[in-house]
Amino acid sequence: MPNPTADSPNEAESSVKVSPKGSARLKAGHPWVYRSDITADNVPPGALVRVTDLHGKFLGTALYSSSSQIAIRMIADEPVKDLPALIARRIRSAIAYRKRFVADTDAYRVVFSEADFLPGLIVDRYNDVLSVQILTQAMDAEPVRGAAVEALVEEFKPSGIFERVDARIRELEQLPPRASGVIWGQKSSSVVSMNGIQFHHDGTEGQKTGSFLDQRENYAAAAQYAHGEALDVFCYQGGFALHMASKCSSVTGVDSSRPALEIADKNAALNGREVEWIEANAFDLLKDYASSGRHYDTIVLDPPAFAKTKRDLDKAMRGYKELNLRAMKMLRPGGILVTCSCSFHVSGADFVEVVSDAARDAHKSLRLIENRGQAKDHPILLNVPETSYLKCLMLFVSD
Ligand code: SAH
């Protein structure tokens, strides 16, 4: 296993040449070049590299990965002398962006990798605890880690910074194994607030870095339209369910994960709300409920990413169709359907199409109340389509 990055030089000493295809991609503003479009001789894993075209013309500075198919990720148009200092500056500007656009919460994404010009770094804030994920060789280098932690401590004065490790990603990046744990301070759990609702956060547990922060603004929007009897399918720790509870006569949350529902129940108690939690496979439950003639006024569908790769697209579309069809059949006239997809490979247009198909089969009409996406703390870079992944349609359903 290579020994990546630990002592990688600050100044770019290595260089990488990109093919005309790679150059065109960079000129279009995309920061990635694939391995098949570069030549790199003796470039150490995680190195800061000068990028040139085949004629030696300087194109910018990038972070190199010796193992990923994405061989380089651009970090600057200019030469970079001091990478840790650049990382610290970028973190500060990511924080400044959140100060302008994030409201009503102390839980939000502070750094979103490429979308904040910090490829391979994710930082989430959960009140006084920060959660960090490192996804590339270059970001794993000690000087870079150190600069990131220092900038975050200075800006937030947190009680703890927790590093959440994805063993599979470290293996893919050929990085030595590492355990999740507190990397600064002491604390790894806290209580956070989103739109006036409280949630327990435990950095050591759960999916993603603990919560689905990208849905935070959609929770508030869903609560505006929710009414009557509500069903939150794929509820996880109760994000949508708890936001809808004050507007609805009853709320039921469904998820297959018992640990998620246990936290959901604690979250309900924290907010003094009654929600019924059901541990079940959502596909089976919706089938049972639909055939036994159950009806609701509001249904939320927020399944996990069905299409993790392009190859899964057909299967994913069938999954979305089935869920949406059953939900529409269960909605009373005038009902609200909040339906989401977080699969990057399912485009916004694909998703609208599959939901429309389901409506046709269910003999329902849909009016689009809002066509939404990820919260503003998960910025979308227009020339980097991979930064846009969440779709959330809010629909008025009639016969
Ligand atoms: N709506 C949630 C996020 C949902 S993430 C929020 O806003 O926080 C997707 C959830 O689907 C996860 O909690 C996962 O446990 C659950 N899940 C995955 N497959 C499932 C299935 N077949 N049936 C029910 N739940 C499932």
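Residues numbered from 1 in each chain as written. Predicted model: local features only at pLDDT ≥ 70, side-chain atom pairs only at ≥ 80, totals over all residues. Heavy atoms only, no water.

A few words now on empty space enclosed by the protein. By the definition in use, this model includes 4 cavities of 30 Å³ or more. Put simply, the largest cavity is a space of about 80 Å³. As for the largest cavity, its lining consists of Leu 121, Val 132, Ile 134, Met 139, Val 144, Arg 145, Ala 148, Val 149, Leu 152 and Ile 183. Contributing elements (two or more residues each) for the lining of the largest cavity: strand 9 (129-134) and helix 4 (142-156). At 5 residues, helix 4 tops the list of elements feeding residues into the lining of the largest cavity. (1 Å grid on protein atoms, 1.4 Å probe; cavity = no way out; pocket = protein on both sides within 12 Å on 5 of 7 lines; lining within 4 Å. Points joined across faces, edges and corners; volume = space filled by probe spheres on them. Helix = DSSP H or I, 4+ residues; strand = E, 2+ residues; numbered from the N terminus.)

A complete count under the given rule lists 21 salt bridges for this structure. Among the ionic pairs, Glu 217 bridges to Lys 376, the shortest N-O distance being 3.4 Å. Taken together, the positions of Glu 217 in helix 6 (residues 216-225) and Lys 376 in the loop between strand 19 (365-372) and strand 20 (391-398) put the pair 159 residues apart, joining distant regions of the chain. Each of Asp 140, Arg 145, Glu 163, Arg 170 and Arg 178 takes part in one network of salt bridges that share partners. (Salt bridge = Lys/Arg side-chain N within 4 Å of Asp/Glu carboxyl O.)

Further remarks concern helix 10 (residues 313-330). Side chains three or four residues apart in an α-helix point the same way, a direct result of the helix having 3.6 residues per turn. Relative to the 26 Å expected for 18 residues at 1.5 Å per residue, helix 10 spans 26 Å between its end C-alpha atoms, a close match to the ideal helical length. Packing partners of the buried residues in helix 10 comprise strand 14 (229-233), helix 9 (282-291), strand 17 (296-301), strand 18 (331-341), helix 11 (348-362) and strand 19. (Expected span 1.5 Å × (residues − 1). Contact = heavy atoms within 4.5 Å.)

Let's shift gears to the sheet that holds strand 10 (residues 160-163). As summarised here, the arrangement of the 5 strands in space is 7-8-9-10-11, forming an open sheet in which the pairing is mixed. Single-partner strands in this sheet number two, and they are strand 7 (107-112) and strand 11 (181-185). Sheet twist, expressed as the mean angle between neighbouring strand axes with direction ignored, is 20°. Of the pairings in the sheet, the one linking strand 10 to strand 11 comprises 4 bridges and is antiparallel in character. By the bridge assignment, Gly 160 is partnered in strand 11 with Gly 185. Across the sheet, helix 2 (residues 83-101) is in contact with strand 7 and strand 8 (121-126); its angle to strand 7 comes to roughly 140°. (Pairing = 2+ DSSP bridges. Axes fitted to C-alpha atoms, helices over the stretch in contact; angles between N-to-C directions.)

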